[in-house]
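Take a look at the letters that make up each chain.
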Amino acid sequence: MAAGARPRRAVLSGPAALTASELRVARMAAAGSTNREIAQALFVTRRTVEVHLTSTYRKLGITSRQALRETIDHVTEPTAGTPD
């Protein structure tokens with residue numbers, strides 16, 4: 001592995017593929033927070049929130065916040081030691 005590289009996740013799609021950060025952002029979005037509100041709460045940029053949500057939508061095979069709300073309740077926390 002190259003210096004500074006992260007190990008690849010074993011699962012590439014589905015709920016198990018979400019990182020802790022993606023799951024945190026997804027739960028806040030599903031609860032009704034706007035991208036701006038999420039960014040302010042987590043001290044990240046709006047673009048970072050957008051990237052996490054885009055990745056989450058792709059991994060879960062969804063296309064809307066409504067689908068996110070319906071899906072996210074069934075997602076469990078990533079296991080300890082899972083890279084963000």
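No experiment lies behind these values; they were computed from the predicted model shown. (Residues numbered from 1 in each chain as written. Predicted model: local features only at pLDDT ≥ 70, side-chain atom pairs only at ≥ 80, totals over all residues. Heavy atoms only, no water.)

Got a minute to help me understand helix α3 (residues 46–60) in this structure?
Between its terminal C-alpha atoms α3 stretches 21 Å, which fits the 21 Å expected from 15 residues at 1.5 Å a residue. Buried residues of α3: V49, H52, L53, S55, T56, Y57, K59 and L60, and no others. Where α3 is buried, its residues meet α1 (20–30), α2 (35–42) and α4 (65–72). Positive backbone phi, at 70 degrees, marks G61, one or two positions downstream of α3. (Helix = DSSP H or I, 4+ residues; strand = E, 2+ residues; numbered from the N terminus. Expected span 1.5 Å × (residues − 1). Buried < 20%, exposed > 50% of the residue type's maximum accessible area, 1.4 Å probe, protein only. Contact = heavy atoms within 4.5 Å.)

Could you clarify how one ought to interpret the nonpolar core in this entry?
When a protein is soluble and globular, its nonpolar side chains tend to lie buried together. If you look at the biggest cluster of nonpolar residues, it comprises 17 residues, and the most contacted ones within it are V49, L53, I62, L68 and I72. Of all the elements in the fold, those that place two or more residues in this core are α1, α2, α3 and α4. Ranked by the residues each element gives to this core, the list is headed by α1, at 5 residues. Excluding its chain neighbours within four sequence positions, the residues that come into contact with L68 are A26, A29, A30, L53, T56, Y57, L60 and I62. (Core = buried A, V, L, I, M, F, W, Y, C linked by side-chain atoms within 4.5 Å.)

In this structure, what is going on with the confidence of the model for the protein chain? I would like to understand it.
As a note on interpretation, predicted positions should not be read in detail where pLDDT is low. The predicted model of the protein chain has a mean per-residue pLDDT of 86, with 77% of residues at 70 or higher. At the level of individual helices and strands, the protein chain shows its lowest average pLDDT in α4, which scores 94, and its highest in α2, which scores 98. (pLDDT = per-residue confidence, 0-100.)

How do you make sense of the side chain of N35 when you look at a structure like this?
Looking at the element boundaries, N35 is found in helix α2. Residue classification places N35 among the buried positions, given a relative accessible area of 19%. For N35, the contacting residues outside a window of four places in its chain are R46, V49, E50, L53 and R65.

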